[in-house]
Structure formats: C-alpha cells, structure tokens
Amino acid sequence: MSLTAGIVGLPNVGKSTLFNAITKKNILAANYPFATIDPNVGIVVVPDERLAKLEEMVMPENVVPTSFEFTDIAGLVKGASKGEGLGNKFLAHIREVDSICEVVRCFDDENITHVEGKTDPIRDIEIINLELIFSDLEVVDKRLNSIEKKAVATKDKEALFEVELLKKIKGALLENKPARHLEYSADEERVMKSYNLLTKKPMIYMANVKEVDIVNGNSYVELVREYAKKENSEVIMLCAKTESELSELNEEDKMLFLEELGLKESGLDKLIRATYSLLGLATYFTAGPKEVKAWTFRKGMKAPECAGIIHSDFERGFIRAEVISYEDYVKYNGEKGAKEAGKMRLEGKEYLMQDGDICLFRFNV
C-alpha cells in the first residue's frame with residue numbers, strides 16, 4: 001500500500017533542509033529498505049518498536065518494516081494558483097499525495113531572508129492555504145460549468161446530486177474554509193473522490209524552530225497551535241537543522257544526541273507517526289523464520305482485503321486468518337506458546353483487522 005505525504009511551504013522556511021534529512025534518514029539502517037525514487041521523493045521507515053521485539057523473538061533471516069513516501073513540493077509562493085513561481089505545476093503535484101505537511105517558519109534569523117519580509121507564521125499558513133483554496137475553486141467551477149445546465153435540463157438525479165455537492169463545497173471555499181471542514185455523506189464522499197481536492201486532504205503543520213526552542217517552543221509555535229486547534233489539525237514542532245544532523249548519525253549516537261537535547265524521539269519520527277495516524281493507518285505483521293514483515297492497512301479493512309495487500313490471490317481465495325495479538329505473542333513467548341494458551345484465533349471473512357495482529361492467511365485458488 002503506497003502512501004504519500006507532500007511537504008509544502010514558502011521559500012526559506014526550512015523545507016529543503018527537512019526534506020534532505022528525510023531522504024538521508026535510513027541510509028545507515030542496513031536491514032531496512034531505503035530509496036530516493038527521484039530528486040523530490042524519499043521513502044522512510046515507519047518507526048515501530050514492535051518490529052524490533054519480533055525480530056528478537058523470531059530471529060528471522062530478514063526484517064521488513066512498513067514505509068512511507070514523502071514528496072517535496074517546491075515553488076509555492078503567493079499567487080501560485082495563478083501560475084506564480086510555476087505554482088500550477090507544483091499544485092498539480094500536491095493533488096497526487098494523500099496528506100499535506102506544511103512547514104511553517106517559527107524562528108527569527110536576519111541571515112535568512114523571509115520572502116514576505118518578516119516572520120509571521122499565521123500569515124504564511126494563510127498564504128499557502130489560500131492558494132490551495134483558489135486552486136480547488138477552479139476545479140469546482142470547471143466541473144459546475146460542465147454539468148450544471150445539462151443536469152437541470154435533463155433532471156438527471158445523479159447529476160443534480162453532484163451539482164448540489166459542488167455548490168456546497170464552493171460555498172465553503174468562498175468563505176475561505178477548506179473542503180475538509182465540511183461533513184459529507186458516504187455518497188458525497190464517493191462522488192467527490194474524483195475531484196482530488198487539495199483542501200480535502202488532511203493537514204499537519206510542522207513548526208520549524210531553532211535548536212534553543214526545540215523542547216519548550218516559543219510564541220510563534222503557540223500561535224500555530226492555536227490556529228491548528230481551530231481546524232482540528234496537528235502540530236509537530238521540530239528543528240530542521242537538528243533533524244539534518246540526526247540523519248547523519250547511527251542509531252546509538254542519535255539516541256545520545258536526543259538525550260543531550262532532552263528529547264525522547266526525533267521530530268521526523270513524530271511526523272511519520274502522526275502522518276500515519278492522520279490517514280487512519282495501522283500495521284499488521286507476518287512472522288516466520290524466513291521473514292518478519294510489517295504491512296500497512298487502513299483501519300476498518302476486513303481480513304480478506306488485508307490478505308490482498310500481500311497478494312491478490314490471498315484475497316481471491318481467502319479461507320481464514322490465524323491471528324495472534326502482538327501482546328499475546330510477546331506474553332506467551334511466540335506462536336507456539338500463544339497456541340498452547342488458546343490465544344490463536346481463527347477469523348473469517350468479516351473479521352476487522354486490528355493494529356498489531358500477527359497473521360497467517362489460509363487461502364486456496
């Protein structure tokens with residue numbers, strides 16, 4: 001399951017430094033896959049302590065974590081929706097991602113020029129968000145112009161339903177409200193999926209601070225938190241420069257550095273975890289002597305769909321899933337002990353997969 005978060009921000013907010021840290025993050029982790037697909041895409045491992053515990057217990061030949069893709073979206077400036085700074089090209093890139101991570105400058109530095117003259121995180125957020133709204137308005141207006149007259153003339157129920165939905169979204173956008181602030185029925189969600197609206201995508205704000213503010217934050221961060229709270233978005237505070245330094249270290253040195261800073265985990269690890277959670281994702285595991293592997297699924301998926309993530313044949317010929325919870329697997333010292341304690345469950349086609357399930361899928365094609 002390939003999932004992507006797009007990193008956006010105005011020039012000189014620390015976006016490139018942060019993205020460079022992301023692309024270097026896992027080079028030193030020998031057992032973990034790492035790739036830079038092209039200059040603006042990096043793949044990172046989703047941090048999960050459970051995988052390390054399973055590796056210790058099972059001692060497999062190979063360990064494969066679940067991963068997440070970050071795309072660096074360059075060129076957003078005021079007027080992007082009108083083509084400023086190659087804006088339309090980069091706004092098109094954002095349409096392809098599942099969620100948006102907006103880097104917000106929360107530090108003063110006379111040596112780093114701010115494109116808008118001075119540090120003002122709320123102004124910066126609103127510049128970016130307005131460009132996303134303008135771009136979505138264009139999409140909505142274009143669709144309305146193409147179907148409204150015909151829908152009214154033919155009285156086609158589906159077309160009229162879509163017209164009402166488009167007007168509902170347009171009304172919110174004209175009031176500078178992102179599409180994600182509205183509530184939608186299941187039918188509305190189905191229809192609007194094809195619009196791929198930028199303001200419907202979940203948002204995380206990354207407050208970029210100086211190292212001195214990395215633990216307690218500053219007044220700029222508080223402003224961002226207040227803004228994000230109003231729209232139910234999350235804020236991750238980090239120092240892009242520090243993240244870049246951390247990305248060069250091995251795991252042991254990284255932990256020592258974090259301890260010196262008074263932190264338990266890096267900002268990037270917080271960001272990856274928050275993005276994963278924001279998209280309603282969870283992890284199940286397969287564990288055997290050949291391989292221990294983490295698999296990403298969306299919460300609410302049933303066992304056959306999750307089996308299909310491994311291979312379409314697993315879903316097509318699904319018989320049952322043999323499931324042990326991670327907690328029981330650890331408590332009873334592995335599969336054998338969990339079985340003997342009666343903690344292995346046989347689950348059928350209607351079973352809703354749970355985060356941490358350790359599964360063996362039975363199928364027949």
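Refer to the structure presented above.
What you are looking at is a predicted structure, and each value in this text was computed from that prediction instead of being measured.

Q: Teacher, can you tell me more about the sheet that holds strand 2 (residues 41-45) here?
A: The pairing of strands in a sheet happens through backbone hydrogen bonds and is either parallel or antiparallel. With mixed pairing, the six strands of this open sheet are ordered in space as 2-4-1-5-6-7. Each having just a single partner strand, strand 2 and strand 7 (234-238) make up the two edges of the open sheet. Across the sheet, the mean angle separating the axes of adjacent strands is 25° when strand polarity is ignored. Its contacts with the sheet put helix 4 (residues 121-154) on strand 1 (4-8), strand 5 (99-105) and strand 6 (203-208), and the angle it makes with strand 5 is roughly 150°. Contacting strand 5, strand 6 and strand 7, helix 7 (residues 219-230) runs over the sheet at an angle of about 160° to strand 7.

Q: What am I meant to see in the nonpolar core here?
A: Generally speaking, soluble globular proteins have nonpolar side chains that are buried together. If you look at the biggest cluster of nonpolar residues, it comprises 51 residues, and the most contacted ones within it are Ile 7, Phe 68, Phe 70, Ile 94, Cys 106, Tyr 205 and Met 206. Counting residues in hydrophobic clusters, the runner-up holds 18 residues, among them Leu 137, Val 140, Tyr 184 and Tyr 195.

Q: I'm lost on unusual backbone geometry in this one. Help?
A: Negative phi is the rule for most residues except glycine; trans is the rule for most peptide bonds. Residues other than glycine seldom take positive phi values, yet Met 59 does so here, at roughly 50°. Relative to the assigned elements, Met 59 resides in the loop between helix 2 (49-58) and strand 3 (62-64). According to the relative accessible area criterion, Met 59 is exposed, its value standing at 67%. Despite not being glycine, Lys 155 has its phi angle at roughly 55°, a positive value. Note on placement: Lys 155 falls in the loop between helix 4 and helix 5 (157-174).

Q: I'm lost on the pattern of salt bridges in this one. Help?
A: Oppositely charged side chains can pair when the atoms bearing their charge come close. In this structure the tally under the stated criterion is 26 salt bridges. One salt bridge in this structure joins Lys 302 and Glu 350, with 2.5 Å as the shortest N-O distance. Of the two residues, Lys 302 sits in the loop between strand 9 (291-298) and helix 11 (303-310) while Glu 350 sits in the loop between strand 11 (345-347) and strand 12 (357-363), which places them 48 residues apart along the sequence. By relative accessible area, which is 29% here, Lys 302 ends up partly exposed. The exposed category is assigned to Glu 350, whose relative accessible area is 57%. Linking Lys 339 and Glu 335 is a salt bridge whose minimum nitrogen-to-oxygen distance equals 3.5 Å. Taken together, the residues Lys 339 and Glu 335, both in helix 14 (residues 335-340) and four residues apart, mark about one turn of the helix. Among the residues examined, Glu 335 registers a relative accessible area of 34% and is labelled partly exposed. Sharing partners across several salt bridges, the network here consists of Asp 48, Arg 50 and Asp 355.

Q: It is not clear to me how the packing of aromatic side chains should be interpreted in this structure. Could you clarify?
A: The way to describe two aromatic rings as a pair is by their centre distance and the angle between their planes. Scanning the model with the defined rule gives seven aromatic pairs in all. Seen in terms of ring centroids, Tyr 284 and Phe 361 are 5.7 Å apart; in terms of plane orientation they differ by 90°. Their pairing is edge-to-face. Here Tyr 284 is found in strand 8 (residues 281-287), whereas its partner Phe 361 is found in strand 12, with 77 residues between them in sequence. On the basis of relative accessibility, which here comes to 0%, the residue Tyr 284 falls in the buried class. These aromatic residues form a ring-pair network of at least three members: Tyr 284, Trp 295, Phe 297, Phe 318 and Phe 361.

The rules behind each value
- Residues numbered from 1 in each chain as written.
- Predicted model: local features only at pLDDT ≥ 70, side-chain atom pairs only at ≥ 80, totals over all residues.
- Heavy atoms only, no water.
- Pairing = 2+ DSSP bridges.
- Helix = DSSP H or I, 4+ residues; strand = E, 2+ residues; numbered from the N terminus.
- Axes fitted to C-alpha atoms, helices over the stretch in contact; angles between N-to-C directions.
- Contact = heavy atoms within 4.5 Å.
- Core = buried A, V, L, I, M, F, W, Y, C linked by side-chain atoms within 4.5 Å.
- Buried < 20%, exposed > 50% of the residue type's maximum accessible area, 1.4 Å probe, protein only.
- Salt bridge = Lys/Arg side-chain N within 4 Å of Asp/Glu carboxyl O.
- Phe/Tyr/Trp six-rings, centres within 6.5 Å; stacked < 30°, edge-to-face > 60°.

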